[in-house]
There are 4 protein chains.
Amino acid sequence: MDLSRALEGMTTPLVTPFDPESDEIDEAALEDVVDHLLENGIDGLFPCGTTGEFASLTPDERTRVTELVVKHADGEVPVLAGAAATTVPETLTAIEDAADVGADAAAIVPPYFHTANAPAGNRQFFESVADESPLPLVLYNIPTCTGLRIEPETLESIATRENVIGIKDSSGDLEYFRTAVRRTPEEFLVLQGYDALLVPALRMGGDGGVNALSHAAPTLFGELLEAADEERGLILQDAVSTLFEPCNEYGFAPVTKAALVHRGVIPSDSVRPPLVSVPADGREAIETATDDLLETASRSDHA
Amino acid sequence: MDLSRALEGMTTPLVTPFDPESDEIDEAALEDVVDHLLENGIDGLFPCGTTGEFASLTPDERTRVTELVVKHADGEVPVLAGAAATTVPETLTAIEDAADVGADAAAIVPPYFHTANAPAGNRQFFESVADESPLPLVLYNIPTCTGLRIEPETLESIATRENVIGIKDSSGDLEYFRTAVRRTPEEFLVLQGYDALLVPALRMGGDGGVNALSHAAPTLFGELLEAADEERGLILQDAVSTLFEPCNEYGFAPVTKAALVHRGVIPSDSVRPPLVSVPADGREAIETATDDLLETASRSDHA
Amino acid sequence: MDLSRALEGMTTPLVTPFDPESDEIDEAALEDVVDHLLENGIDGLFPCGTTGEFASLTPDERTRVTELVVKHADGEVPVLAGAAATTVPETLTAIEDAADVGADAAAIVPPYFHTANAPAGNRQFFESVADESPLPLVLYNIPTCTGLRIEPETLESIATRENVIGIKDSSGDLEYFRTAVRRTPEEFLVLQGYDALLVPALRMGGDGGVNALSHAAPTLFGELLEAADEERGLILQDAVSTLFEPCNEYGFAPVTKAALVHRGVIPSDSVRPPLVSVPADGREAIETATDDLLETASRSDHA
Amino acid sequence: MDLSRALEGMTTPLVTPFDPESDEIDEAALEDVVDHLLENGIDGLFPCGTTGEFASLTPDERTRVTELVVKHADGEVPVLAGAAATTVPETLTAIEDAADVGADAAAIVPPYFHTANAPAGNRQFFESVADESPLPLVLYNIPTCTGLRIEPETLESIATRENVIGIKDSSGDLEYFRTAVRRTPEEFLVLQGYDALLVPALRMGGDGGVNALSHAAPTLFGELLEAADEERGLILQDAVSTLFEPCNEYGFAPVTKAALVHRGVIPSDSVRPPLVSVPADGREAIETATDDLLETASRSDHA
């Protein structure tokens, strides 16, 4: 199982299911999600990302989630563990903890409360982490959450380091995405994290996808990757984009969990504050779009 | 020493000085900052806020900073400890740690990586923290860092809880500030955290100030509070606002540290990534504005 | 009747009433609005501003509206005519047309489709207009409509010209407002156009107000100007701010017209595209806030 | 010469050259630009758009520019005339004037000083114009200039009208672009106006391009259209994107004019306020990127 090769496929940024009574992590449901994804061809697993509500998990919970995912994946696919934090030592601790429980790589973001006052600040942060990281690193560009994008110059500088293997770009800015492809070495992985732009990203030199909505129809996402250059790719993309619209309104974790409940994969769409579940009047659009996604796919997911 | 009464005065959100060689906290310099402020009449101390680069400190470092400040203040003025985190348990741990080392109150923010998808999410977060907090709480509204403001409805609902005693508003939006005064109980403290709007906030019913630039001229800030309703207040405000302009460009911690170095209070303006120090061509404006601040004040700070 | 003195009071940015059948200007209704304002003590009239939907009026209609207002005001108060356009010649033509029908001054904005790529571009635009203007000019800062604010440096440079007598600031940014006071000559008028910040603006050295909501309760706005420095000023401001909230949601012209219909001053709240009237479910809040405004005032408007 | 067919190719949004002494339109230079474009294979001409600084032209000047372009094109390619205005009657007058001097179609935008308070307002504006327009219409989506995008629902509704034939999307948002393709009839033209996203737009079902930078290397843009689906398309796109970067910094008209001066097509890069020419330290990047563009093309432009 090769990490880079897997990331060139479809990686799912896993939800973290909660028990609605206790608000604790529902470990059985998390394992069911992993089963659902592996049985339906997902190439990589990314626990503790934005969709995984990492910022609502304690460090111990994050390690526990990663450990469970690694164990349950059992070497079938690589595990990219979210290791975001705002200090260098906490980021390194998160990476080390992920390494200890068997993760194959870690994803990091630029500091996100007070943000860089100059691009050099983010570069220095990334370099300090990369210098000590025991795992290969994927940068994660998500300016709506971090307040600032990773500047192209910063990316260009960091992308040449041996243990920085790629970037997940969730900016929704395809011009940025293509710049990332253009300014980084051939072997550096540029992955699309913005589901509504997956096909154009692949057509513009993107290497793979890390997409929350792959939870809802993993087989379709596999088909989409194969068909990205064909007319068929557009039909699949449009079905994905329709389910993406409520994500912009209600957030990725709430919508993805609602779709997984609708599909019978997890028992509850409970989220932790500051998120709230999708309100009643928002569910129908999600359920319809999920059903359409399944109907659009050529092959059915395994039950 | 009464907490609420102190917060009605001038509270300084303390910088965290670093040793430029080791990048460790410079504890002696931190104590010098505390001395400088106490000798010049500051009414409260707020370690581990945005100006204190809390997001670049580990939990242990934050507790250590708070402990040092409490010990060095030695009961002379109250200590409001920053306790921001993105999960309820980590926020509570930060509050408990601050309580253990003797802080009088704690300041909290809404979760700041993935933000609330509905105001109810932030309300629920604040309620969960307030339910268990061993210390009185001050809410901290700083949308440029957290991505979202604390909605007036959320504030109104939380402000009636006995252990939520006030809000520091650093939004720069005076309409919001007045709304906060208007929609909260008489005894709830509404504090201005945006230095360039201190006088208008006090004239609009504000209770006090929590201002980074009070580091640069503590005596002047004391004078400003007394003179806020007089013509003299405008002159003092304008001098403060001139030093505030570079803060918008370079950030609060870098500018405040540069001013403290210029005044000889701390030996280095070193910051941690993602921040970088004020570049050479930005220093002169800061030094000139600091000098003007000192000349504008009626009384001199103690050396 | 002195122009500068009038502008130090309350100037109303007049709505332009339309006949809902023909979509033509309802001239009788416009005269009724002028009567309503003059009888209740308004100090100046500003036709063809943002609230007057100037951008939905042809040049001929704008001249006609100004002419009607001048004639109906009959020298009782000065008339400041909106003369916004994106080219120097069209701006000058608008000013000249306003002068021809008797306006006392004109208000101008920076170009607003493609905006300045450097502050020097706006300065040059203003200088070209000021060089030829037959009327005294008031600059109008409204970045939500023009896309850019008038930079303080630009303002400082233009404010020294003899025929540029003041600025209406509708930015909602009180820091900007105070900077405008601070950086312009004593006799230069700095007027608050953002109704929810009228009292703080007056307390920070502002010279007067140009406020759409003065339509709804002109007498109260007169009282507010007198009481701005007193505790009473805050009570009046809060009542105004409550009616201001729906303006942010539905726009100034639609809300002001709805309030005028509620008060019986005009027969229809019809607006022109791209605006639409306040929807049914938004009216109650406007009517309640208008009634509260009238109850809060010490004196009643004349019927 | 078929209009729709031409728009499926490359249309140039023409600059309006000015004489730097008189600030008048340099008609000879404008004709030289048209010659340059026709000799190098451009399929359509779009005078009086954003790059044409339409907002800095009087209505008479706009008509004159369109007339000159029509005459000089002499039927070789269709002319799409910019007819943006903020009122229905002025928009219609601009369309009629363009029709009178021989334009083939007109481009319109939603009102842009005070913007729609609800999507219905823009729809009503477009419908009122379309009801009376003597020319086929192209909608023009450029939210950075108009303050608001044309909502997909509005577009979907208007796109079914017979005389509304397409949309130029300059938003830079490829998700929006694909939505426009998806929600409009097959024959409705969806044109990319954001040069850095031309290839991905064409790969996502776009029909053609309307791109300012085609001035700088018309032959290359023709080649790009043909090669959009091939690997070669990416190389051409990247060269275009490099010249696009300074457009985001200095504006389209200033950069395009600087490139045309560098190429010897026009004598001066003079612009009208609120724009200023590219400063000296910005020119080299533009000249280098223009040279690279020419070197990247397989065929040379005619001299």
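Given the structure is predicted, the values throughout are model-derived calculations rather than measurements. (Residues numbered from 1 in each chain as written. Chains lettered and ligands numbered in written order. Predicted model: local features only at pLDDT ≥ 70, side-chain atom pairs only at ≥ 80, totals over all residues. Heavy atoms only, no water.)

Undergrad: So what exactly am I meant to see when it comes to the relation of the copies chain A and chain B here?
TA: For these two chain copies, the linking operation is a rotation about an axis paired with a shift along it. Of the transformation superimposing chain A on chain B, the axial component is 0.0 Å and the angular component is 180°, with the fit at an RMSD of 0.0 Å. A rotation of that kind, with that shift, is consistent with a two-fold axis. Both copies share a contact surface, since 100% of the interface residues of chain A are interface residues in chain B too. (Least-squares fit on C-alpha atoms with pLDDT ≥ 70 in both. Contact = heavy atoms within 4.5 Å.)

Undergrad: Any chance you could explain the pairing of strand E5 (residues 137-141) of chain A here in plain terms?
TA: Consecutive side chains along a regular strand alternate between the two faces of the sheet. Residues and elements named next belong to chain A. For E5, a buried count of 5 out of 5 residues is recorded, marking the element as mostly surrounded by other parts of the structure. Going residue by residue along E5, you find Leu-137, Leu-139 and Asn-141 tucked away on one face and Val-138 and Tyr-140 tucked away on the opposite face as well. In the sheet, strand E4 (residues 105-108) pairs with E5 via 3 bridges, with the strands oriented parallel. Looking at the pairing, Ile-108 lines up with Leu-139 of E5. Once you follow E4 into helix H5 (residues 119-132) and on to E5, the crossover reads as right-handed. In the sheet, E5 pairs with strand E6 (residues 164-169) via 5 bridges, with the strands oriented parallel. For Asn-141, the partnering residue across the bridge sits in E6 and is Asp-169. (Buried < 20%, exposed > 50% of the residue type's maximum accessible area, 1.4 Å probe, protein only. Helix = DSSP H or I, 4+ residues; strand = E, 2+ residues; numbered from the N terminus. Pairing = 2+ DSSP bridges. Right-handed = clockwise from strand over helix to strand, strands pointing away.)

Undergrad: Help me out: how do you make sense of the side chain of Asp301(A) in this one?
TA: Residue and element names in this part refer to chain A. Within the element layout of this structure, Asp-301 appears in the segment after helix H13 (280-296). Among the polar contacts listed, one links the side chain of Asp-301 to the side chain of Thr-219, at a separation of 2.4 Å. Within polar-contact distance, the side chain of Asp-301 engages the side chain of Arg-263 at 2.6 Å. What Asp-301 contacts, discounting residues up to four positions off in sequence, is His-36, Asn-40, Ala-216, Ala-217, Pro-218, Thr-219, Arg-263 and Leu-294. (Polar contact = N/O pair within 3.5 Å; in protein donor to acceptor, adjacent residues only side chain to side chain.)

Undergrad: I'm lost on the packing of aromatic side chains in this one. Help?
TA: Two aromatic rings, taken as a pair, are described by how far apart their centres are and by the angle between their planes. All told, the structure shown has 30 aromatic pairs over all chains when counted by the stated rule. Between Phe125(B) and Phe126(B) the ring centres are 6.1 Å apart and the planes differ by 70°, which places this aromatic pair in the edge-to-face class. Accessibility expressed as a relative area gives 0% for Phe125(B), which makes it buried. An aromatic cluster of at least three residues, connected via ring pairs, comprises Phe54(A), Tyr112(A), Phe113(A), Phe54(B), Tyr112(B) and Phe113(B). (Phe/Tyr/Trp six-rings, centres within 6.5 Å; stacked < 30°, edge-to-face > 60°.)

It is worth stressing that arrangement in space is one thing and function is another; only the former is reported here.
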